[in-house]
Structure formats: C-alpha cells, structure tokens
Amino acid sequence: MPARRKARKRALDVLYEADLRDLPPSEVLRTYLERIEKPRPDHMDYAVTLVEGVAKNLDRIDELLASYAEGWTLERMPVVDRNLARIAVFELLYVPEIDDPVAITEAVELAKQMSTDDSPRFLNGILGRIAEFASR
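Remember, predicted model here, so these are calculated numbers, not experimental data.

Calculation criteria
- Residue numbers run consecutively from 1 along every chain, following the written order of its sequence.
- The model is predicted, so local features are restricted to residues of pLDDT at least 70 and side-chain atom pairs to those at 80 or more, both for listing and for counting; the totals for chains, interfaces and linings are taken over all residues.
- As a rule here, side-chain values come from all non-hydrogen atoms in the structure, and water together with hydrogens is ignored.
- The salt bridge definition used is simple: a Lys or Arg side-chain nitrogen within 4 Å of an Asp or Glu carboxyl oxygen.
- Here a strand is any run of E in DSSP of at least two residues, a helix any run of H or I of at least four, and the numbering for each starts at the N terminus.
- A 1.4 Å probe rolled over the protein chains alone gives each residue an accessible area, and that area as a share of the maximum for its type sets the label: buried under 20%, exposed over 50%, partly exposed in between.
- For helices, the fitted axis covers only the stretch in contact; all axes are lines through C-alpha atoms, and the angles between them, taken along N-to-C directions, range from 0 to 180 degrees.
- If an angle is under 35 degrees, it is roughly parallel; if it is over 145, roughly antiparallel; if it lies from 65 to 115, roughly perpendicular; otherwise it is oblique.
- Residue contacts are counted whenever heavy atoms from the two residues lie within 4.5 Å of one another.
- Lys, Arg, Asp and Glu make up the charged group, whereas Ala, Val, Leu, Ile, Met, Phe, Trp, Tyr, Cys and Pro make up the nonpolar group; the residues left over, Gly among them, are polar.
- For a helix, the expected span equals 1.5 Å multiplied by the number of residues minus one.

**Details of the pattern of salt bridges**
Stage number 1. Using the criterion set out here, one finds 14 salt bridges in the structure.
Stage number 2. Taking the shortest distance from any N to any O, the salt bridge between R5 and E106 comes out at 2.7 Å. Highlighted residues: R5 in helix α1 (residues 3–21) and E106 in helix α6 (residues 100–114), separated in sequence by 101 residues.
Stage number 3. Since its relative accessible area comes to 17%, R5 is described here as buried.
Stage number 4. R8 is the salt-bridge partner of E106, the closest N and O atoms lying 3.6 Å from each other. Of this pair, E106 sits in helix α6 while R8 sits in helix α1; the two residues are 98 residues apart in sequence, bridging distant segments of the chain. R8 carries the same exposure label as E106, and that label is buried.

Spelled out as structure tokens, the structure:
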C-alpha cells in the first residue's frame, strides 16, 4: 500500500474513533500516537497533517459536504464515508500538492475496502461536485 494511502487510512482510523466517541480529533490523535510503535512510520507525519487539518477546518468541510450531498445529511452518512469525505475535502481545499483526481480516487479506493457497496459511487459524486466548486 502506498505511503499516502496508509496515512489516509490512519487518519480515517483516528477521525472515525473521534466521530463515534464524540471526542475532539486532537485528543484521539494524541492517544493514537502513544499506542503506535516507535519509531513512527514515515507516513504518520502526513496522517497527523490530515487529522489536524480536518479538525481545524471541520466547520467549513462539513458545510461543503452538507451543501453538496444531495438528499443526505451528514448525520445520515455512514461514519466511514463521512470521514473519508472529510479527508478528501481537506486535500481538495488545503493540500495543493495533491491533485483533485488523486484525492477523489484515494477516497473511493478506501471506500471500496472499508464501506458499503454504494459508498464509492456516492463519494465520487459528492467529491467531484466539491472539486468543481473549489476549482472555480
């Protein structure tokens, strides 16, 4: 698995736990980092960037997701999908070195592995609309 995909998966683990337990992502990240092996894998730096970035920009990210999720509320989305979308939207808006199609494809690929059969198509649609908005 490529390093950035591993980082996205680790970020998803943290954001998923924070979402389920209704805890701040920074708190869950701190305990997560305490539990992982030393020395830390190289991809953890990017995972930390993702978690901290999503946490810092959560209101804006969730506002966009709510606006572009046709017929869905954030609360109704599966937890995995919601947090994969948050990671991808953070990359679309705030990580210029990641091309939009890469951010979308990575979210879709992780959804294929970790979520429902409908999740890849759902994420591709919503993230495509947000990428189009962001590129204007």
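There is more to say, and it comes next.
**Focus: the packing of helix α4 (residues 58–68) against helix α5 (residues 79–94)**
Stage number 1. At a minimum axis distance of 10 Å, the contact between α4 and α5 shows a crossing angle of 110 degrees. In terms of orientation, α4 and α5 fall into the roughly perpendicular class. Side by side, α4 and α5 meet where L58, R60, I61, D62, L64 and L65 of the first sit next to R82, A85, R86, V89, F90, L93 and Y94 of the second.
Stage number 2. Counted by class, the contact of α4 with α5 contains nine nonpolar, no polar and four charged residues.

**A closer look at helix α3 (residues 44–56)**
Stage number 1. Between its first and last C-alpha atoms α3 spans 18 Å; for 13 residues at 1.5 Å apiece the expected length is 18 Å, and the two agree.
Stage number 2. All of the buried residues along α3 are M44, Y46, A47, V48, L50, V51, G53 and V54.
Stage number 3. Where the residues of α3 are buried, they touch α1, α2 (25–35), α4 and α5.

**Side note on the side chain of S119**
Stage number 1. As for its position among the elements, S119 is in helix α7 (residues 119–134).
Stage number 2. With residues up to four places along the chain from it excluded, the contact list for S119 reads D81 and A111.

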